[in-house]
Amino acid sequence: MKFRPLHDRVLLRLVEQEAKTAGGIIIPDTAQEKPMEGEVVAVGTGHVNDNGDVRPLDVKSGDRVIFSKWAGTEVQVDGEELMVMKESDIIGIIAA
């Protein structure tokens, strides 16, 4: 199945967080926080303004981003857990 987000929405693959602390303590799944970092898989065409103009998105496929803690909707595409969210829920792009 192919999935293309509409308008100002972005499809993200979550980046797994470390399950171990720097001191070597293993954190169980039940105590881990929801990831707030992801890789952009696909983007929509852009934000449609009130007058009908389309503003292209600032993120592109392949960007690593940080997003708000409670942002997005989890979806399953080809058996993979992904997130769909509005570009406005993305806080910033992580520079390489």
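Quantities reported herein were computed from a predicted structural model and do not represent experimental measurements. Along every chain, residues carry numbers that run from 1 in the direction the sequence is written. Only residues with pLDDT of at least 70 get local features here, since the model is predicted, and only at 80 or more are side-chain atom pairs given and counted; chain-wide, interface and lining totals rely on the full set of residues. Where side-chain values are given, they derive from all heavy atoms of the structure, hydrogens and water being excluded.

(A) Local environment of the overall build of the chain. The secondary structure content of the chain amounts to 0 helices and 8 strands. Numbering of helices and strands runs from the N terminus; a helix is a DSSP stretch of H or I covering at least four residues, while a strand is a stretch of E covering at least two. In the chain, the succession of helices and strands from N to C terminus is β-β-β-β-β-β-β-β. Per-residue burial over the chain gives 27% buried out of 96 residues. For every residue, the accessible area (1.4 Å probe, protein chains only) is compared with the maximum for its type, and the residue is labelled buried under 20%, exposed over 50%, or partly exposed between those bounds.

(B) Region of interest: the side chain of Glu87. Within the secondary structure, Glu87 is located in the loop between β7 (80-86) and β8 (90-94). Taking the relative accessible area as the measure of exposure, Glu87 reaches 12% and is therefore buried. A polar contact of 3.4 Å, which involves the side chain of Glu87, links it to the backbone nitrogen of Val59. In this structure Glu87 touches Asp8, Val10, Arg55, Leu57, Asp58 and Val59, once residues within four positions along its chain are discounted. Here a polar contact is recorded for every N or O atom pair within 3.5 Å, except that within protein the pair must consist of a potential hydrogen donor and a potential acceptor, and residues adjacent in sequence are included only if both atoms are side-chain atoms. Working rule for contacts: check all heavy atoms of both residues, and any pair within 4.5 Å makes them a contact.

(C) Looking closely at the pairing of β7. Paired strands, in this sense, are two strands between which DSSP finds at least two bridges. The sheet contact formed by strand β1 (residues 9-14) and β7 spans 4 bridges and is antiparallel. Its bridge partner being in β7, Arg9 is matched across the sheet by Lys86. Sheet topology note: the strand β6 (residues 73-77)/β7 ladder contains 5 bridges and is antiparallel. For Val75, the partnering residue across the bridge sits in β7 and is Leu82.

(D) Spatial organisation of unusual backbone geometry. In the Ramachandran plot, His7 falls in the positive-phi region, its phi being about 50° despite a non-glycine side chain. His7 sits in the partly exposed class, given a relative accessible area of 40%. Although it is not a glycine, Asp78 adopts a positive phi angle of roughly 55°.

(E) Focus on the sheet that holds strand β2 (residues 37-43). With respect to topology, 6 strands assemble into an open sheet ordered β6-β7-β1-β2-β5-β8, the strand pairing being antiparallel. Each edge of the open sheet carries a strand with a single partner, namely β6 and β8. The sheet shows a mean angle of 45° between the axes of neighbouring strands, direction not considered. Pairing between β1 and β2: 5 bridges, direction antiparallel. Bridge pairing in β2 links Leu11 to Ala42. To obtain an axis, a line is fitted to C-alpha atoms, over the contacting stretch when the element is a helix, and the angle between two such axes runs from 0 to 180 degrees between their N-to-C directions.

(F) Molecular detail of the nonpolar core. Val10, Leu12, Val40, Leu57, Val59, Val65, Phe67, Ala71, Met83, Met85 and Ile90 form the largest nonpolar core, which has 11 residues in total. Where this core is concerned, the elements lending two or more residues are β1, β5 (64-67) and β7. Among the nonpolar cores identified, the runner-up in size contains 5 residues, and Ala42, Val77, Leu82 and Val84 belong to it. Grouping buried Ala, Val, Leu, Ile, Met, Phe, Trp, Tyr and Cys residues that are joined through side-chain atoms within 4.5 Å yields what is termed a nonpolar core.

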